[in-house]
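Here is how the chains run, residue by residue.
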Amino acid sequence: MKLHWSPRSPFVRKVMIVLHETGLLDRVECVRTVVAMAGPPNPDLLPDNPIGKIPTLVLDDGTALPDSRVVCEYLDGLHDGPRLFPAETEARFRQLRWQAFADGLTDVLLLWRNERIRPEGTQYKKLTDAFDTKVRHAFAMFDKEAGALASEPFGIGQIALICTLGQMDFRFGESRWREGNPNLARWYEGIQTRPSVQATAINDDGKGPPDVPWAAGPALVFA
């Protein structure tokens, strides 16, 4: 199988954690694929994914699977170990709920970053204010649920949130989110020892669009 991949993408990281957890990493060829929301679509990706987004997994028969949620669930059906998408209904929807909220939060962070890199004076304040409110409420929710995140068997919900928080540190490093969300911070610190998390840490290889100084956009400070 072929995976359109980037070491900077939180949604690609979800897939990579699943590959490590399921022992399927050696069955996938990772192809570095640069995408940018504000740039032209990557012509090498479009034949496999006309939407031009990563991750995209191309199966041995040429079928392309888009979206981290689809790719992760497909991969979870290819191994004999503990399921990251539980079969039991209540456990499954606990994981799917966390995944949906974490992925939604990641979407907001990516859109916020895109707004931050607009030329100074052209950023839409009503939009960034809305992002700020959504992010704070999402972090507060996860902080309240940190105990459940720790006690529930490791699954796609925790994986999605790990990738969200990794993106927060990568793109919003001065947000000091840990100071306002101590329970979530403790959970996140503890989960860093998991081999799949360590092996997939965000890495800026310099092949994507350049970032901007924090001062170029609205601050997000929890403390």
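Residues numbered from 1 in each chain as written. Predicted model: local features only at pLDDT ≥ 70, side-chain atom pairs only at ≥ 80, totals over all residues. Heavy atoms only, no water.

K.L.:
Help me understand the packing of helix α1 (residues 10–22) against helix α2 (residues 68–76), please; the structure alone is not making it clear to me.
P.N.:
The angle between the axes and the distance between the axes are what describe a pair of packed helices. As a packed pair, α1 and α2 sit with axes 9 Å apart at the nearest point and diverge in direction by 5°. Overall, the two elements α1 and α2 adopt an arrangement that is roughly parallel. Residues Phe11, Lys14, Val15, Val18, Leu19 and Thr22 of α1 form the contact with α2, whose own contacting residues are Ser68, Arg69, Val71, Cys72, Leu75 and Asp76. Each residue belonging to the contact of α1 with α2 can be placed in one class, and the counts come to 7 nonpolar, 2 polar and 3 charged. (Axes fitted to C-alpha atoms, helices over the stretch in contact; angles between N-to-C directions. Helix = DSSP H or I, 4+ residues; strand = E, 2+ residues; numbered from the N terminus. Parallel < 35°, antiparallel > 145°, perpendicular 65-115°, else oblique. Contact = heavy atoms within 4.5 Å. Nonpolar A, V, L, I, M, F, W, Y, C, P; charged D, E, K, R; others polar.)

K.L.:
I'm lost on the sheet that holds strand β4 (residues 64–66) in this one. Help?
P.N.:
Picture the strands of a sheet paired through backbone hydrogen bonds; they go either parallel or antiparallel. Here 4 strands make up an open sheet; going across it, the order is β2-β1-β3-β4 and the pairing mixed. A single partner strand is all that each edge strand has here, and the edge strands are β2 (29–32) and β4. Within the sheet, the average angular offset between the axes of one strand and its neighbour, ignoring direction, is 25°. Pairing geometry for strand β3 (residues 56–58) and β4, over 3 bridges, is antiparallel. Residue pairing across strands places threonine 56 opposite proline 66, the latter belonging to β4. Where α1 meets the sheet, it contacts β1 (2–5) and β2, and its direction lies at approximately 140° from that of β1. (Pairing = 2+ DSSP bridges.)

K.L.:
Looking at this structure, I do not really get the UniProt feature "domain: GST N-terminal" (unreviewed entry) in the chain. What am I missing?
P.N.:
Mapped onto the present numbering, the UniProt feature "domain: GST N-terminal" (unreviewed entry) falls on residues 1–83. Annotated as 27% helix and 17% strand, the span residues 1–83 places its first and last C-alpha atoms 21 Å apart. (UniProt positions renumbered as here; feature names shortened; annotations may be inferred.)

K.L.:
Quick question: what am I supposed to make of the nonpolar core here?
P.N.:
Side chains that are nonpolar tend, in soluble globular proteins, to be buried together. Core analysis: the biggest nonpolar cluster contains 53 residues, and Val135 and Trp187 have the highest contact counts within it. Listed by contribution, the elements that provide at least two residues to this core are α1, α2, α3 (89–116), α4 (125–144), α5 (146–151), α6 (156–171) and α8 (182–191). The greatest single-element share of this core, amounting to 8 residues, is contributed by α6. Discounting chain neighbours no more than four positions away, the residues touching valine 135 are Leu105, Val108, Leu109, Trp112, Met168, Leu220 and Phe222. (Core = buried A, V, L, I, M, F, W, Y, C linked by side-chain atoms within 4.5 Å. Buried < 20%, exposed > 50% of the residue type's maximum accessible area, 1.4 Å probe, protein only.)

K.L.:
Can you walk me through the side chain of aspartate 103 in this structure?
P.N.:
Its place among the elements puts aspartate 103 in helix α3. Taking the relative accessible area as the measure of exposure, aspartate 103 reaches 4% and is therefore buried. The residues touching aspartate 103, leaving out its near neighbours within four places in the chain, are Phe11, Lys14, Ser68, Arg69, Ala160 and Thr164.

K.L.:
What am I meant to see in the pairing of β2 here?
P.N.:
Sheet faces and side chains relate simply in a regular strand, where the side chains alternate between the two faces. The pairing of β1 with β2 spans 4 bridges and is parallel. Bridge pairing links tryptophan 5 to arginine 32 in β2. Read as a crossover between parallel neighbours, the route from β1 over α1 to β2 is right-handed. (Right-handed = clockwise from strand over helix to strand, strands pointing away.)

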